[in-house]
Amino acid sequence: MKKLPADILKDFPSLHAMGMRAYLDSAASSLTPTPVLEAMDGYYKECRSNVHRGMYKTAGEATARYEAARGVVAGFLNASSPEEVVFTSGTTASLNLLAASLGRELKPGDEVVLTEMEHHADVVPWQEAAKRHGFTLKFIPLTEGFTLDMDAARALIGPKTRIVSVAHASNALGTVNPVKELASLAHAVGAKLIVDAAQSVPHMKVDVRTLDCDFLAFSAHKMLGPTGVGVLWGRKGLLEAMEPTQYGGDMIREVRPEASTWNDAPWKFEAGTPNVAGVIGLGAAVGYLQAIGMERIEAHDRALAAYAIGKLSEIPGLEIVGPKAGERIGAISFTVEGAHPHDLATLLDREGVAVRGGHHCAMPLMARLGLSGTTRASFYLYNDESDADALIDAILKAKTVLKL
Amino acid sequence: MNDELYQENILDHNKNPRNAGRIEGASRQAKELNPSCGDAIELFLKLDGCDRVQDVKFDGHGCAISQASVSMLTERLKGRPLAEVMAIDEKDILGLLGIDVGPMRMKCAMLSLRTLKSALACKK
Ligand SMILES: Cc1ncc(COP(=O)(O)O)c(C=O)c1O
């Protein structure tokens, strides 16, 4: 069994690029290991052609590799079939597709329930659809402990609710939300549950049947894959009943001058030439994660988060913005009294520690917490305690520079 | 640590901003945001009869670079003729800051200038 992270560091060439000491921004985007780069290269070098079209051998090979990735992703999620996996350009595109398509079936009086901790990608598409179709948005509030207020959720999810859309794990707080319980609340009133799994799929075992959700969205680039590709998983019957929102080649069955009919799901949602290399890279990334084991990755993540939170909490003036223990991922937000997140991120960068400072695409959450932003350090399988130590060391130095 | 960005005067302007506040009935005013970081600056100019800056104030929050930048800019604006104020550009702001801002923080440094330009463009 490979030791984390010692035995895998050699797979990540960019880890030591540019003199970086600690890459602690995997919640924004992860690094990509050599086997994933090679899988994408393989497409360009060995079978570079379009998919689903050509009658020649390389086109067949490209299609086979592209569709094989669908099978790999379906297995990873424990989906009932590969046809439940739609390839998109990322979480944002997946959520936009849902809001645009499902939004059309909603009318004034209907309600879509979100949470106060949603990423803008799970807020703005719904706001736009609500403008067009006249439905109402509701937000499940937070508790003092940075978790969802489930009593409020039970009160908000009612007969008018048609859709509940929640982050599985918050990129800004690290909180892991009780998706299974939200699914049963939603289903009890006949609503659908959408899960923004951008931050959970990379870090824990996500089984769509155990979660009992209806749709799930995530991005390859946060789970060792390339940028510009992602997934929308949906229950087969729901995808079949859903209208596409983009039109063109590959998504049609028959095109007549006056009207057209659609291909089957999932292909009816994949108009135009897809990100073939990206999808193949995503398949390879899933394979890489599976070879290590999601349970081990999650355990590694949790242990590191606990270690880092313990050390961070000892720094005077530092406040953790998120749960200190319990159900959480290794994305740790914090504030340092007297230091703006951008100044802190700049000073940490000068120590070779890469973190993110700002509102983390969650402005409603920051407003609710009365913060202009936080600094966030996030861990992944290639990090270890020495990275957390580098972070602590750099924060202490930054405080000296800022005379705090 | 390579900390030339956070020199004494930058930290001082950030902690003790000059001309902090608001002006009721300002001749020119504007508010600008940095959407990526949430920095905000609202700038107020009061001109006298000969179009000189009689008073200037700002209200804002954000990182040390953006706040020091606007604080220094207000010091520079006081008493200046409008024509001179209109000619202020990026080079002047960098000159005021006196540091190597670098590409990642240029937006923070220039928020003050952006707010000034908006204020000048919108007559009240
Ligand atoms: C919780 C969450 N949702 C959505 C997104 C958007 O993902 P992408 O930018 O890959 O579409 C992110 C990533 O920033 C995220 O963390």
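Considering the overall build of chain B
Step number 1: For chain B, the helix and strand inventory stands at five helices and three strands.
Step number 2: Put simply, chain B runs from its N terminus to its C terminus through helices and strands in the order α-β-β-β-α-α-α-α.
Step number 3: The C-alpha radius of gyration computed for chain B amounts to 14 Å, which stays within 12% of the reference 14 Å derived for 124 residues, consistent with globular compactness.
Step number 4: Reported as C-alpha extents along the three principal axes, the dimensions of chain B are approximately 50 × 25 × 25 Å.
Step number 5: Out of the 124 residues in chain B, the part that is buried amounts to 39%.
Step number 6: Partitioning the contacts of chain B with sequence separation of at least 6, the portion at a separation of at least 24 is 64%.

Comments concerning the overall build of chain A
Step number 1: A count of helical and extended segments in chain A gives 13 helices and 15 strands.
Step number 2: A compact globule built from 404 residues should have a C-alpha radius of gyration of about 22 Å, and chain A, at 22 Å, falls within 12% of that.
Step number 3: With 404 residues in all, chain A has 52% of them scored as buried.
Step number 4: Sequence separation of 24 or more characterises 70% of the internal contacts of chain A that already satisfy a separation of 6 or more.

Focus on the sheet that holds strand S3 (residues 111–115) of chain A
Through backbone hydrogen bonds, the strands of a sheet pair up, either in parallel or in antiparallel fashion.
Residues and elements named next belong to chain A.
Step number 1: Taken together, the seven strands give an open sheet; going across it, the order is S2-S8-S7-S6-S5-S3-S4, and neighbouring strands pair in mixed fashion. Each having just a single partner strand, strand S2 (85–88) and strand S4 (136–140) make up the two edges of the open sheet. With direction set aside, neighbouring strand axes in the sheet form an average angle of 20 degrees.
Step number 2: Pairing of S2 with strand S8 (residues 230–234) involves four bridges; the strand directions are antiparallel. Note on S8: the bridge partner recorded for valine 85 is tryptophan 233.

Topic: the packing of helix H3 (residues 91–103) of chain A against helix H4 (residues 124–133) of chain A
All names here are of chain A.
Step number 1: Contact pair H3 / H4: the axes reach a minimum separation of 9 Å and the direction vectors enclose 15 degrees. If you check the angle between H3 and H4, you find them roughly parallel. Along this stretch, H3 crosses H4, giving a crossing that reads as right-handed. For the pair formed by H3 and H4, the contact residues are Leu95, Asn96, Ala99, Ala100 and Gly103 on the first element and Pro125, Trp126, Ala129, Arg132 and His133 on the second.

As for the confidence of the model for chain B
Step number 1: Put simply, chain B has an average pLDDT of 92, and 96% of its residues get 70 or more.
Step number 2: Scoring of the predicted complex yields 0.94 for pTM and 0.87 for ipTM.

Thoughts on helix H6 (residues 179–188) of chain A
Residues and elements named next belong to chain A.
Step number 1: Those residues of H6 that sit buried are Val179, Leu182, Ala183, Leu185 and Ala186. End-on, the buried residues of H6 take up no more than an arc of 165 degrees, which puts them together on one face.
Step number 2: The first or second residue beyond H6 is glycine 190, which carries a positive phi of 80 degrees.

Digging into the environment of Ala241(A)
All names here are of chain A.
Step number 1: Considering the arrangement of structural elements, one finds alanine 241 in helix H8 (residues 236–241).
Step number 2: We classify alanine 241 as exposed; it has 12 C-beta atoms within 10 Å.
Step number 3: C-alpha of alanine 241 to C-alpha of alanine 265: the two residues are 24 residues apart in sequence and 9.0 Å apart in space.

Regarding the packing of helix H1 (residues 34–46) of chain A against helix H9 (residues 276–292) of chain A
Residue and element names in this part refer to chain A.
Step number 1: Here H1 crosses H9 at 150 degrees, and the two axes come no closer than 8 Å. Crossing hand, H1 versus H9: right-handed. Contacts between H1 and H9 involve Pro35, Val36, Ala39, Met40, Tyr43 and Tyr44 from the first element and Val276, Ala277, Ile280, Gly281, Ala284, Ala285 and Tyr288 from the second.
Step number 2: A breakdown of the residues in the contact of H1 with H9 according to their chemical character gives 12 nonpolar, one polar and no charged.

Some thoughts on the site of the ligand
Step number 1: The immediate surroundings of the ligand are formed by 13 residues, with Gly90(A), Thr92(A), His119(A), Asn171(A) and Ser219(A) found nearest.
Step number 2: A breakdown of the residues in the shell around the ligand according to their chemical character gives four nonpolar, eight polar and one charged.

Focus on the pairing of strand S5 (residues 161–167) of chain A
All names here are of chain A.
Step number 1: With seven of seven residues buried, S5 is to be regarded as a mostly interior element.
Step number 2: The pairing of S3 with S5 spans three bridges and is parallel. Bridge pairing links valine 113 to valine 164 in S5.
Step number 3: Direction of pairing for S5 relative to strand S6 (residues 192–196): parallel, over a ladder of five bridges.

Structural notes on the sheet that holds strand S11 (residues 318–320) of chain A
All names here are of chain A.
Step number 1: The strand order S11-S12-S15-S14 describes an open sheet built from four strands, whose pairing is antiparallel. In this open sheet, the two edge strands, each paired with only one partner strand, are S11 and strand S14 (356–358). Pairwise comparison of adjacent strand axes, ignoring direction, gives a mean angle of 30 degrees for this sheet.
Step number 2: Taken together, the four bridges between strand S12 (residues 331–336) and strand S15 (residues 374–378) define a ladder with antiparallel strand orientation. Opposite phenylalanine 334, over in S15, you have threonine 375 as the bridge partner.
Step number 3: Here helix H10 (residues 294–312) sits on the sheet in contact with S11, S12 and S15, set at roughly 10 degrees to S12.

Cut-offs applied
- Starting afresh in each chain, residues are numbered from 1 along the sequence in its written order.
- Written order determines the labels here, with chains lettered from A and ligands numbered from 1.
- Under the rules for a predicted model, residues below a pLDDT of 70 receive no local features and side-chain atom pairs below 80 are neither given nor counted, while totals for whole chains, interfaces and linings still include all residues.
- Numbering of helices and strands runs from the N terminus; a helix is a DSSP stretch of H or I covering at least four residues, while a strand is a stretch of E covering at least two.
- In this description the radius of gyration comes from C-alpha coordinates, and the expected globular size is given by 2.2 Å times residues to the power 0.38.
- Three exposure classes are used. Buried residues have 20 or more other C-beta atoms within 10 Å of their own C-beta, exposed residues have 12 or fewer, and partly exposed residues fall in between, all C-beta atoms being placed from the backbone.
- The contact criterion used is a C-beta to C-beta distance within 7 Å, with each C-beta placed from the backbone.
- Here a strand pair is declared whenever DSSP counts at least two bridges between the two strands.
- An axis is simply a line fitted to the C-alpha atoms; with a helix, the fit covers only the stretch in contact. Between two such axes, the angle follows the N-to-C directions and lies from 0 to 180 degrees.
- Each angle gets one of four labels, with under 35 degrees taken as roughly parallel, over 145 as roughly antiparallel, 65 to 115 as roughly perpendicular, and the rest as oblique.
- With the far helix as reference, a near helix turned anticlockwise by less than a right angle produces a left-handed crossing, and one turned clockwise produces a right-handed crossing.
- pLDDT is defined as a per-residue confidence score from the predictor, taking values between 0 and 100.
- Arc, as used here, means the arc of the directions from the helix axis to the C-beta atoms.
- Each residue gets one of three labels, nonpolar for Ala, Val, Leu, Ile, Met, Phe, Trp, Tyr, Cys and Pro, charged for Asp, Glu, Lys and Arg, and polar for the others, Gly among them.
- Each residue receives a C-beta atom placed from its backbone. It is near a molecule or strand if this atom lies within 6 Å of it.

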